[in-house]
Amino acid sequence: MHRALGELRRGTPVLLRGPDGDGLLVGAAETLSGRGLTEFAPDQRAGERTGGGEPPVLLLEATRAAAILASGSGSALAAGPVALRTSPALMNPAALRHLADPTAERLLPMPAEPVPVPPLARAALALAKLGRLLPALLAMPCRTLPDGLLEVPAADVVAYPETAATTLTPVAEARVPLEDSAETRIVAFRPADGGIEHLAILVGEPEALAARGGAPLTRVHSECFTGDLLGSLRCDCGPQLRGAIARMAAEGSGVLLYLAQEGRGIGLVNKLRAYALQDGGLDTLDANRALGYGADERNFLVAAEMLRALHIPRVRLLTNNPEKIAGLAACGIEVVDRVRHAFVANGVNDGYLETKALRFGHLLK
């Protein structure tokens, strides 16, 4: 799977294979190179490869498709994948990047025509999201694997979030004294395919408390480069991270799960794009949707599996987010209590916190 994601990220198409043998050739619109585009050009093998020489389509989430359609055309789009007919003018890397990225130079509505969505479209968009790419792909039915390209089963793409979570294994542990907690260990977890790693920050001995039937104070924290490391004022992530560790140290033990799910799961690059859209007037939720992502793309099964590996089945959850409580409970972790974890606005993140409360349902009061 990681090889397929690497191919997309460097501008090379990959072939998704369905359970019935059907294939869909896909390339990420934001990274496709001129060389990659040649795989979608009609040639003498088109009939063999596509069973009729169908032209490629542009696959998008409905929220992005509506923005690039002519005025009024996008209002009837249902949620889910949308396929737009391409034209020769769009078959170049610059035009495709322009269509994929709402932070590019403002795009005038264009007369584009929705066409039937090809099979495997959902798996294709999921693959782009797994690669932290904008969910916008050039796609074309394809029966045979073109020379030099990679094939991946669509079922593997759909199952990957669960597979990556359930195969997490502790691979390294070290004592790391922190400014707010001298008795701290960090345990690194890695999935079986060698993919993205997640960290458990253990303050004191939370496993010992769990072994006695207790419920350690626990925080599920998604990494935030800008807030955690740089001290960004746009969010409250940094204060939440440091405040959680300090609170656990004061109580004597706790576990902070530091998940590699930046920007609610959309990745750092896309989070920066979302910031640019927010500067243009959108809030956090609408900015994510404008990029083609959902309001929250995180996978809390990751946190549940890490807690199980640490032998911590019951927790007191340090959170304001009801979705985290529901997510852990759905994955078999007992949340015996919610511990409030709110910080006052700083004059810059006031709107961000208001959106958290009003549109994400966070319990900030």
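Only a predicted model underlies this, so the values are computations on that prediction, with no experimental measurement involved.

Explain the sheet that holds strand β2 (residues 23-28) here, please?
Pairing in this open sheet of 7 strands is mixed, and the strands run β5-β4-β3-β6-β2-β1-β7 from one edge to the other. Each edge of the open sheet carries a strand with a single partner, namely β5 (114-115) and β7 (150-153). Here strand β3 (residues 57-61) runs beside strand β6 (residues 136-141); their pairing, made up of 4 bridges, is antiparallel. Counterpart to L59 in the pairing with β6 is L137. Relative to the sheet, helix α7 (residues 154-166) contacts β1 (14-17) and β7, its axis offset from that of β7 by approximately 60 degrees.

What is the right way to look at the pairing of β2 in this model?
Regular strands place their side chains on alternate faces of the sheet. Counting buried residues along β2, 6 of its 6 residues qualify, which places the element largely inside the surrounding structure. The alternating pattern of β2 places G23, L25 and G27 on one face and L24, V26 and A28 on the opposite face, and all of these are buried. In this structure, β1 lies alongside β2, joined through 4 bridges in antiparallel fashion. Bridged to R17 within β2 is G23. If you look at the hairpin formed by β1 and β2, you'll find 5 residues sitting between the two strands, and G21 has a positive phi there, around 90 degrees. Examined bridge by bridge, β2 and β6 share 5 bridges and lie antiparallel to one another. Following the sheet pairing, L24 is matched in β6 by P141.

I keep staring at the packing of α7 against helix α14 (residues 301-309) and nothing clicks. Help me out?
Each pair of packed helices gets described by two things: the angle between the helix axes and the distance between those axes. Between α7 and α14, the shortest axis-to-axis distance is 8 Å and the interhelical angle comes to 20 degrees. Regarding the angle of α7 to α14, the classification is roughly parallel. Judged by the twist between their axes, the crossing of α7 over α14 is right-handed. Mapping the contact onto sequence places E162, A165 and T166 in α7 and L301, V302 and E305 in α14. Its residues assigned to classes, the contact of α7 with α14 shows 3 nonpolar, 1 polar and 2 charged.

Rules of the game
Residues numbered from 1 in each chain as written. Predicted model: local features only at pLDDT ≥ 70, side-chain atom pairs only at ≥ 80, totals over all residues. Heavy atoms only, no water. Pairing = 2+ DSSP bridges. Helix = DSSP H or I, 4+ residues; strand = E, 2+ residues; numbered from the N terminus. Contact = heavy atoms within 4.5 Å. Axes fitted to C-alpha atoms, helices over the stretch in contact; angles between N-to-C directions. Buried < 20%, exposed > 50% of the residue type's maximum accessible area, 1.4 Å probe, protein only. Parallel < 35°, antiparallel > 145°, perpendicular 65-115°, else oblique. Left-handed = near helix turned anticlockwise from the far one by under 90°. Nonpolar A, V, L, I, M, F, W, Y, C, P; charged D, E, K, R; others polar.

Distances and angles like these do not, on their own, reveal function.
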